[in-house]
Amino acid sequence: MKIHPTAIVERGAELGPDCEIGPYAVVYGGVRMGARNRVHALAVIGDLPQDKKSGGTPTRVEIGDDNVFREHVTVHRGTRETATRIGSKNLFMVGSHVAHDVVIGSHVVVANGVQLAGHVVVEDHATFGGLAGVAQFARVGESAFVAAGAMVERDVPPFCITAGDRARPRAVNRVGLERRGVPRASIDEIERVFRAIFFAKVPRAAAVAAVTTDDPFASKLLAALR
């Protein structure tokens, strides 16, 4: 384990093997971190939540393996005996923020300056462009792409590109799905379901009710829209 002499690792923090804590980084007590995580200079992991109702009860941050937290990243602990949870193999770029009670899966990329508000849920393989913001309690679906500067105030469907202020689904994240190794037939079926719903000339609820699919990936998109 490499901890820079200027870093502060508070008593009570649990760091797994081969973690690296960079210059002037702070890891507070209540943080439980798995193996091979890298915390770069001036990042702060596990400070108090920015929530007036947190009550000062013991809370925590739980982090898996092989995550990278770049410079000035902040991750706040949960509220009211809960945890902020981060999976494995995620990349948090410079200046991004993970608020209290956020739950993040694995293989997620969070670009520079992205702000995730309290209680946000981010599913596996999601990607965020720089300076995007996600409002409290919103869910960002599996393999979604949130474009740079997007302001998200409602759930982002899985496998979709979402952009704008207020952000809305624009297209299927074909590039992300191909990079992930999703079969071409499944990507095409996701595209068919997406177009049948978002390009329909009937109300959204009616379009969703009219669509059926047997594909496991397209079924996830359909379920998220019901």
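Up top is the structure these notes are about.
Not measured: the values here are computed from a predicted model.

Rules and cut-offs
Residues numbered from 1 in each chain as written. Predicted model: local features only at pLDDT ≥ 70, side-chain atom pairs only at ≥ 80, totals over all residues. Heavy atoms only, no water. Helix = DSSP H or I, 4+ residues; strand = E, 2+ residues; numbered from the N terminus. Buried < 20%, exposed > 50% of the residue type's maximum accessible area, 1.4 Å probe, protein only. Contact = heavy atoms within 4.5 Å. Patch = residues over 30% accessible without salt bridge, like charges linked within 9 Å, V, L, I, M, F, W, Y side chains within 5 Å. Areas by Shrake-Rupley, 256 points an atom, 1.4 Å probe, with all protein chains shown as cover. Salt bridge = Lys/Arg side-chain N within 4 Å of Asp/Glu carboxyl O. Pairing = 2+ DSSP bridges. Expected span 1.5 Å × (residues − 1).

**Quick word on the environment of T74**
Checked against the element boundaries, T74 lands in strand β11 (residues 74-76). Of the residues examined, T74 reaches a relative accessible area of 22% and is grouped as partly exposed. Taking the C-alpha atoms as reference, T74 lies 21 Å from A147; in sequence the two are 73 residues apart. If we ignore the near neighbours within four places in the chain, the residues touching T74 are V44, S96, H97 and V98.

**Section: a nonpolar patch on the surface**
Judged by side-chain polarity, M1, I3 and V9 come together as a nonpolar surface patch covering roughly 250 Å² of accessible area. Along the chain, the position of V9 falls in strand β2 (residues 8-9).

**Let's talk about the sheet that holds strand β9 (residues 60-63)**
With parallel pairing, the seven strands of this open sheet are ordered in space as β3-β6-β9-β12-β15-β18-β21. Every interior strand has two partners, whereas the edge strands, β3 (14-15) and β21 (139-140), have only one. The pairing of strand β12 (residues 83-86) with strand β15 (residues 103-104) spans two bridges and is classified as parallel. Looking at β15, one finds that I86 is bridged to I104.

**Some thoughts on helix α2 (residues 184-198)**
For α2, which comprises 15 residues, the first-to-last C-alpha distance of 21 Å matches the rise-based estimate of 21 Å (1.5 Å per residue) to within 8%. Burial in α2 covers these residues: S186, I187, E189, I190, E191, V193, F194, I197 and F198.

**Examining the pattern of salt bridges**
Summed over all chains, the structure comprises 17 salt bridges. Close ionic contact of E62 with R60 constitutes a salt bridge, the shortest N to O distance being 2.7 Å. For R60, a relative accessible area of 28% gives the class partly exposed. The partner of K220 in a salt bridge is E142, and the shortest N-O contact between them spans 3.1 Å. One end of the pair, K220, is in helix α4 (residues 216-225); the other, E142, is in the loop between β21 and β22 (145-146), and 78 residues separate them in sequence. Residue K220 is classed as partly exposed on the basis of its relative accessible area, which comes to 41%. Taken together, the salt bridges that share partners define one network made up of R32, R60, E62 and R85.

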